[in-house]
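Letter by letter, the chains look like this.
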Amino acid sequence: MDYKSAIRENTNKQELSFDELAEIIAGLAGDAQKDGTKVIDGNNLDKVFKTLLGKDGTTAAWFHYNNSEVQAKINWHYDVNDGQGYYTEK
C-alpha cells in the first residue's frame, strides 16, 4: 500500500500530530472490531511508521511521543505533503 498517498486522501490537514497520524494508519491498516472501529497493534504501527519515515524518522517520532520532557520543549509533526516527520520549536 502507498501509505503516503492514502494518508493525503484521508485528511485535509497539512500537518498531523503523532496521534492523528497513528489514527489514520489504524484506519488504513488496522483490524476491524465488532463495533466498527479499527485498531492496530504497536508492532504493526511501527512497521508502517518505518515504511513512511524510515528507521531514523520512526525513532525520532517515538522518542518524542514517549518523552514528556521532549514534548515540553519541541513539537513533532508529520508533513502530509512531503511525507516526512519534523521537529519544530514551541
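Numbering of residues starts from 1 in each chain and follows the order in which that chain's sequence is written. Totals for whole chains, interfaces and linings use all residues, but because this is a predicted model, local features are given only for residues with pLDDT of at least 70 and pairs of side-chain atoms are given and counted only at 80 or more. Water and hydrogen atoms play no part in the side-chain values, which are based on all heavy atoms of the structure.

Peer 1: With reference to specific residues and values, describe the overall build of the chain.
Peer 2: The numbering of helices and of strands both runs from the N terminus, where a helix is a DSSP run of H or I of at least 4 residues and a strand a run of E of at least 2. Per the secondary structure count, the chain includes 4 helices and 5 strands. Its helices and strands taken in sequence order, the chain reads α-β-α-β-β-α-α-β-β from the N to the C terminus. Two things to know: the radius of gyration comes from C-alpha atoms, and the globule rule equals 2.2 Å times the number of residues to the power 0.38. The C-alpha atoms of the chain give a radius of gyration of 13 Å, which matches the 12 Å a tight globule of 90 residues would have. Viewed in the frame of its principal axes, the chain has a C-alpha envelope of about 40 × 25 × 20 Å.

Peer 1: A description of the pattern of salt bridges should follow, citing residues and the corresponding values.
Peer 2: What makes a salt bridge here is a side-chain nitrogen of Lys or Arg within 4 Å of a carboxyl oxygen of Asp or Glu, nothing more. According to the stated counting rule, one finds 2 salt bridges in the structure shown. Linking K50 and D46 is a salt bridge whose minimum nitrogen-to-oxygen distance equals 3.2 Å. Pair noted here: K50 and D46 are both in helix α3 (residues 42-65), with a separation of 4 residues, about one helical turn.

Peer 1: Quick rundown of the side chain of H64? Include the residues and the values.
Peer 2: Mapped onto the elements, H64 comes out in helix α3. Think of it in three bands: residues with accessible area under 20% of the maximum for their type are buried, residues over 50% are exposed, and the middle band is partly exposed, with areas taken using a 1.4 Å probe on protein chains only. Owing to a relative accessible area of 11%, H64 belongs among the buried residues under this scheme. Should any heavy atoms of two residues lie within 4.5 Å, those residues are counted as being in contact. Each residue touching H64, except ones within four places of it in the same chain, is listed here: V70, Q71, I74, N75, W76 and Y87.

Peer 1: So what about the confidence of the model for the chain? Which residues, and what values?
Peer 2: Residue-level confidence of the predictor is what pLDDT reports, using numbers from 0 through 100. The predicted model of the chain has a mean per-residue pLDDT of 95, with 100% of residues at 70 or higher. Of all helices and strands in the chain, the one with the weakest mean pLDDT is strand β2 (residues 31-32) (92), whereas strand β1 (residues 15-16) scores best (98).

Peer 1: Lay out the sheet that holds β1 in plain terms, naming residues and giving numbers.
Peer 2: One open sheet accounts for 3 strands, arranged β1-β4-β5; its pairing is antiparallel. Of all strands in the sheet, those bounded by a partner on one side alone are β1 and β5 (84-89). Strand pairing is defined by DSSP finding a minimum of two bridges between the two strands. In the sheet, strand β4 (residues 74-79) pairs with β5 via 6 bridges, with the strands oriented antiparallel. Its bridge partner lying in β5, Y78 is registered against G85.

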